[in-house]
Amino acid sequence: MSGAVERGGLVDLQPTPARILADVVQGLSATPKRLPSKYFYDARGSALFERITRQPEYYLTATELALLQARMADIAAAIGAGAHVVEYGSGSGRKTELLLGGLDAPVAYTPVEISRSALEHSVARLGALFPEIEMLPVCADFTGPFALPVPARAPARTLLFFPGSTLGNFDGPQSVALLRGMRDAAGADGRALIGLDLDKDPRRLEAAYNDAAGVTAEFTLNLLARLNREIGSDFDLGGFAHRAVYARERMRIETDLVSLRAQTVRVGGRTFAFAPGEAMAVEISQKYTRDSAAALAAQAGLALRAWWTDPQGDFALALLAPA
Ligand code: AVJ
């Protein structure tokens with residue numbers, strides 16, 4: 001893959017400051033203004049997200065972990081022996097640990113993760129836990145092109161693992177493109193196991209994205225701190241407030257940074273003006289039903305093979321195969 005830098009065996013395609021700057025200028029030039037949520041995950045952003053997963057209101061992570069544990073035997077039976085597990089985003093690796101430990105003798109594990117610190121941490125940990133599984137990390141933005149490493153032992157099939165309802169951070173066309181990319185990467189006999197947060201009482205959803213301790217607000221504002229540091233913008237962190245609202249018509253949480261006053265921000269030699277109360281869109285978190293998930297998968301040439309939810313129906317694991 002061109003542009004790849006090999007350091008200690010890790011394929012490094014981390015976004016460059018020039019790439020980040022171009023994305024930010026494009027987003028701030030749009031109406032309404034927006035910033036890409038993938039840039040939340042620098043070292044501090046990844047650590048803050050870990051703290052979010054431990055907030056009492058953020059039920060997603062604990063629910064998905066319990067669901068994965070409860071359904072692991074079914075998942076292992078559906079996948080079979082000798083899989084190459086490819087994960088989009090590695091996070092802390094707690095779910096991965098369950099999956100790699102529960103599957104029948106997987107041959108290799110490839111996390112594709114934009115945050116280099118998160119990637120190194122998770123591979124060091126999982127490599128020590130599973131010495132018999134080949135670790136093939138890729139530091140890259142999984143929305144862009146990247147080559148899948150080829151395991152030393154031939155895998156029986158490729159399993160794409162995309163937990164955490166991270167698919168929900170992408171709009172309709174982007175989700176279809178991602179799912180299509182997974183189908184192509186995994187091949188005709190491939191499978192995808194996807195974690196999806198389900199539509200529910202808006203009060204519970206809004207509480208999950210507005211935790212009382214304020215960790216989510218800190219997480220959102222950290223995006224501005226990261227941009228200031230890495231591309232030299234001058235966002236005033238005190239001049240913006242976190243706001244997350246459930247848009248029922250679109251079945252998604254919409255997170256904005258709201259300008260608290262009239263202000264200008266300088267980025268890459270350009271100036272962007274904010275009106276008081278002006279909202280800058282920073283993240284969407286799509287919620288799903290079984291039907292909406294099946295319809296989305298169908299657009300990407302994938303079909304639902306299995307659908308597992310927790311007893312409360314809060315969260316689902318969808319097993320997808322080429323249609
Ligand atoms: C990482 C996609 C699972 O959208 O729920 C959590 C990120 N943002 N709180 C989500 C997030 C605010 C999260 N995912």
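Structural data are supplied above this passage.
Report follows, based on the coordinates. (Residues numbered from 1 in each chain as written. Predicted model: local features only at pLDDT ≥ 70, side-chain atom pairs only at ≥ 80, totals over all residues. Heavy atoms only, no water.)

### Things to note about helix α8 (residues 215-231)
At step 1: Over its 17 residues, α8 runs 24 Å from end to end, which matches the ideal 24 Å to within 8%, given 1.5 Å per residue.
At step 2: Along α8, the sharpest kink reaches roughly 25°, centred on Leu221.
At step 3: Within α8, burial applies to Val215, Thr216, Phe219, Thr220, Leu221, Asn222, Leu223, Leu224, Arg226, Leu227 and Ile231.
At step 4: Remark: Gly232 follows α8 within two positions and exhibits a positive phi of approximately 70°. (Helix = DSSP H or I, 4+ residues; strand = E, 2+ residues; numbered from the N terminus. Expected span 1.5 Å × (residues − 1). Bend = angle between axes of the 7 residues up to and from the residue. Buried < 20%, exposed > 50% of the residue type's maximum accessible area, 1.4 Å probe, protein only.)

### Quick word on unusual backbone geometry
At step 1: Thr31 connects to Pro32 through a cis peptide bond whose omega is -10°.
At step 2: By secondary structure assignment, the location of Pro32 is in the loop between α1 (17-29) and α2 (43-52).
At step 3: Residues other than glycine seldom take positive phi values, yet Met251 does so here, at roughly 55°.
At step 4: As for its placement among the helices and strands, Met251 is situated in the loop between β9 (240-247) and β10 (252-259).

### Focus on helix α6 (residues 172-186)
At step 1: For α6, built from 15 residues, the straight-helix expectation of 21 Å at 1.5 Å per residue is met to within 8% by its first-to-last C-alpha distance of 21 Å.
At step 2: Those residues of α6 that sit buried are Ser175, Val176, Leu178, Leu179, Met182 and Ala186. Summarising the axial view, the buried residues of α6 lie within an arc of 160°, below the 170-degree limit, and thus occupy one face. Counted as exposed and oriented over 90 degrees from the buried face of α6: Pro173 and Asp184.
At step 3: Those residues of α6 hidden inside the fold are in contact with β3 (83-88), β7 (157-162), β8 (191-197), α9 (290-299), β14 (302-309) and β15 (315-322).
At step 4: Between the side-chain oxygen at the start of α6 and the backbone nitrogen of Gln174 there is a gap of 3.0 Å, and the oxygen is on Asp171.
At step 5: At the C-terminal side of α6, Gly187 shows a positive phi close to 80°. (Arc of directions from axis to C-beta. Contact = heavy atoms within 4.5 Å. Polar contact = N/O pair within 3.5 Å; in protein donor to acceptor, adjacent residues only side chain to side chain.)

### Thoughts on the site of the ligand
At step 1: Close contacts around the ligand come from 14 residues, with Tyr58, Gly164, Tyr209, Glu283 and Ser285 the closest.
At step 2: Contact between the ligand and Tyr58: an oxygen atom at 2.6 Å from a side-chain N or O atom of the residue.
At step 3: Residue Glu283 places a side-chain N or O atom 2.8 Å away from a nitrogen atom belonging to the ligand.
At step 4: For the ligand, the accessible surface in isolation is 350 Å², of which the surrounding protein chains cover 97%.
At step 5: Counting residues per element, the ones that place at least two in the shell around the ligand are α2, α8 and β13 (279-286).
At step 6: Per-class residue counts for the shell around the ligand are seven nonpolar, six polar and one charged. (Near = heavy atom within 4 Å. Areas by Shrake-Rupley, 256 points an atom, 1.4 Å probe, with all protein chains shown as cover. Nonpolar A, V, L, I, M, F, W, Y, C, P; charged D, E, K, R; others polar.)

### Describing the environment of Arg153
At step 1: Mapping Arg153 onto the fold places it in the loop between β6 (138-140) and β7.
At step 2: Owing to a relative accessible area of 44%, Arg153 belongs among the partly exposed residues under this scheme.
At step 3: Here the alpha-carbon distance between Arg153 and Ala108, two residues 45 residues apart in the chain, equals 8.1 Å.
At step 4: Polar contacts involving the side chain of Arg153 include one to the main-chain carbonyl oxygen of Val107, which spans 3.3 Å.

### Comments concerning the packing of aromatic side chains
At step 1: Applying the stated criterion across every chain, the model contains 14 aromatic pairs.
At step 2: Pairing Phe49 with Tyr58 gives two aromatic rings, centres 6.2 Å apart and planes at 85°, and the pair type is edge-to-face.
At step 3: The interplanar angle of 80° and the centroid separation of 5.4 Å between the aromatic rings of Phe142 and Phe162 together place this pair among those described as edge-to-face. With Phe142 in the loop between β6 and β7 and Phe162 in strand β7, this pair connects stretches of sequence that are 20 residues apart.
At step 4: Relative accessible area serves as the criterion here: at 15%, Phe142 is assigned to the buried category.
At step 5: Of the residues examined, Phe162 reaches a relative accessible area of 0% and is grouped as buried.
At step 6: Within the aromatic cluster, the residues linked to one another by ring pairs are Phe40, Tyr41, Phe49, Tyr58, Tyr209 and Phe219.
At step 7: We note Arg204 situated over the ring of Tyr59; from NZ or CZ to the ring centre the distance is 5.0 Å. (Phe/Tyr/Trp six-rings, centres within 6.5 Å; stacked < 30°, edge-to-face > 60°. Lys NZ or Arg CZ within 6 Å of the ring centre and 35° of its normal.)

### Describing the environment of Ala188
At step 1: In this fold, Ala188 is placed in the loop between α6 and β8.
At step 2: Classification of Ala188 by relative accessible area gives exposed; the value is 74%.
At step 3: Residues Ala188 and Ala156, spaced 32 residues apart in sequence, show a C-alpha to C-alpha distance of 12 Å.

### A short note on the packing of α2 against α8
At step 1: It is at 9 Å that the axes of α2 and α8 come closest, and there the two elements cross at 160°. On the basis of their axis angle, the class for α2 and α8 is roughly antiparallel. By crossing handedness, the relation of α2 to α8 is classed as left-handed. Between α2 and α8, the contacting residues are Arg44, Gly45, Leu48, Phe49, Arg51 and Ile52 on the first element and Val215, Thr216, Glu218, Phe219 and Asn222 on the second. (Axes fitted to C-alpha atoms, helices over the stretch in contact; angles between N-to-C directions. Parallel < 35°, antiparallel > 145°, perpendicular 65-115°, else oblique. Left-handed = near helix turned anticlockwise from the far one by under 90°.)

### Describing the nonpolar core
At step 1: Within the largest apolar cluster, 62 residues are counted, with the highest numbers of intra-cluster contacts made by Leu35, Ile75, Leu193, Phe235 and Met280.
At step 2: Apart from the residues within four sequence positions on either side, Met280 is in contact with Leu28, Lys33, Arg34, Leu35, Leu224, Phe235, Phe240, Thr255, Asp256, Leu257 and Phe274.
At step 3: Core analysis: the next-biggest nonpolar cluster, separate from the first, contains 30 residues, Val138, Ala293, Leu296 and Ala297 among them. (Core = buried A, V, L, I, M, F, W, Y, C linked by side-chain atoms within 4.5 Å.)

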